[in-house]
Amino acid sequence: MKAIILSGGTATRLFPSTLAISKQILPVYDKPMIYYPLSTLMLAGIREVLIISTPRDIGPFEELLGDGKALGMSFSYAVQEKPRGLADAFIVGQDFIGGDRVAMILGDNMFYGQGFSAMLKKAAEREEGATIFGYPVKDPRAYGVVEFDTEGNVLSIEEKPEQPKSRYAVPGLYFYDNDVVEIAKKTQPSARGEIEITSVNNEYLRRGKLKVELFGRGFAWLDTGNPADLLNAANFIETVQTRQGMYVACIEEIAFNNGWIDKEGLLKQAEALGKTDYAGYLRSLVRE
């Protein structure tokens, strides 16, 4: 399976911080925001990743992440010339996807919780159909809402309904079989001129091939849409890391634990990061 990180948009709610740089390059506590969605894909066991961004912003992502070899991975890059909707990522990335299944995550989505890796791998191993996720929220009227049966089959998806059929919102994380490319290409733009991911999911629903995996109590899905949310996310990460002594979304650690790099590779990454606490953490992994 391959994966796409969609990191476009202008993040106007974060102006002036994002006037000259992508939101997904901004730090969330001690690492760039894009490390968090990238770590999610790595926990799913995915090694080939395409980063899609704007013409202005694609360069910094290439400089930050390179070709992925240092992590035992392969990174590719593509430009979305203008915002045409989330599902446009499958059209932009169709050559990258080829005949494989593909996951997509939005570049500002952050997740944290026990058992996350097992849930991701279950979705990644599903050969046919699509998998979305459901996260319980206090007021689902502000989100896309998923209704489902006891076996995890999706019954309906509604965007910001006045009378939600469940309290489970749909985060920006999706797993698809290869049919998603043709489905996206045949999807008509919505009234706002975008190829909507909900339209793609509804086609899988029509085919009876849409599943949902549910995040439970104690699981965190963090928002970074405005300055206050960004600060709250950073404070959450700082609290977890300080209390536990274990880093969240440390991509080098995940690559090491996955067997994609060895101790020498991990130490090389630490050396490139100088005398920072982050580098010290990587060195401690080797000592342990």
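Going by an unreviewed UniProt entry, the protein chain carries the name Glucose-1-phosphate thymidylyltransferase and comes from Marispirochaeta aestuarii. Looking at the protein chain in UniProt, the text filed under Function (unreviewed entry) is "Catalyzes the formation of dTDP-glucose, from dTTP and glucose 1-phosphate, as well as its pyrophosphorolysis." Taken verbatim from the UniProt record of the protein chain, the Catalytic activity (unreviewed entry) comment is "dTTP + alpha-D-glucose 1-phosphate + H(+) = dTDP-alpha-D-glucose + diphosphate".

A. Spatial organisation of the UniProt feature "domain: Nucleotidyl transferase" (unreviewed entry) in the protein chain. Per the UniProt record, the feature "domain: Nucleotidyl transferase" (unreviewed entry) sits at residues 2–238. Taken end to end, residues 2–238 has its terminal C-alpha atoms 31 Å apart, with 27% of it in helix and 26% in strand.

B. Examining the side chain of threonine 187 more closely. Mapped onto the secondary structure, threonine 187 falls in the loop between helix H6 (179–186) and helix H7 (197–206). Judged by relative accessible area, threonine 187 falls into the buried class, the value being 13%. Reaching out from threonine 187, the side chain makes a polar contact with the backbone oxygen of isoleucine 183 at a distance of 2.7 Å. Beyond its immediate chain neighbours, meaning those up to four positions away, threonine 187 contacts Ile195, Ser199 and Val200.

C. Just the packing of aromatic side chains, in detail. For the structure on display, the rule yields 17 aromatic pairs. On the basis of an interplanar angle of 10 degrees and a centroid distance of 5.4 Å, the ring pair of phenylalanine 133 and phenylalanine 215 is categorised as stacked. Note that phenylalanine 133 is positioned in strand S8 (residues 130–136) and phenylalanine 215 in the loop between strand S13 (210–214) and strand S14 (220–222), a separation of 82 residues in sequence. Exposure remark for phenylalanine 133: the relative accessible area of 0% places this residue in the buried category.

Calculation notes
Residues numbered from 1 in each chain as written. Predicted model: local features only at pLDDT ≥ 70, side-chain atom pairs only at ≥ 80, totals over all residues. Heavy atoms only, no water. UniProt positions renumbered as here; feature names shortened; annotations may be inferred. Helix = DSSP H or I, 4+ residues; strand = E, 2+ residues; numbered from the N terminus. Buried < 20%, exposed > 50% of the residue type's maximum accessible area, 1.4 Å probe, protein only. Polar contact = N/O pair within 3.5 Å; in protein donor to acceptor, adjacent residues only side chain to side chain. Contact = heavy atoms within 4.5 Å. Phe/Tyr/Trp six-rings, centres within 6.5 Å; stacked < 30°, edge-to-face > 60°.

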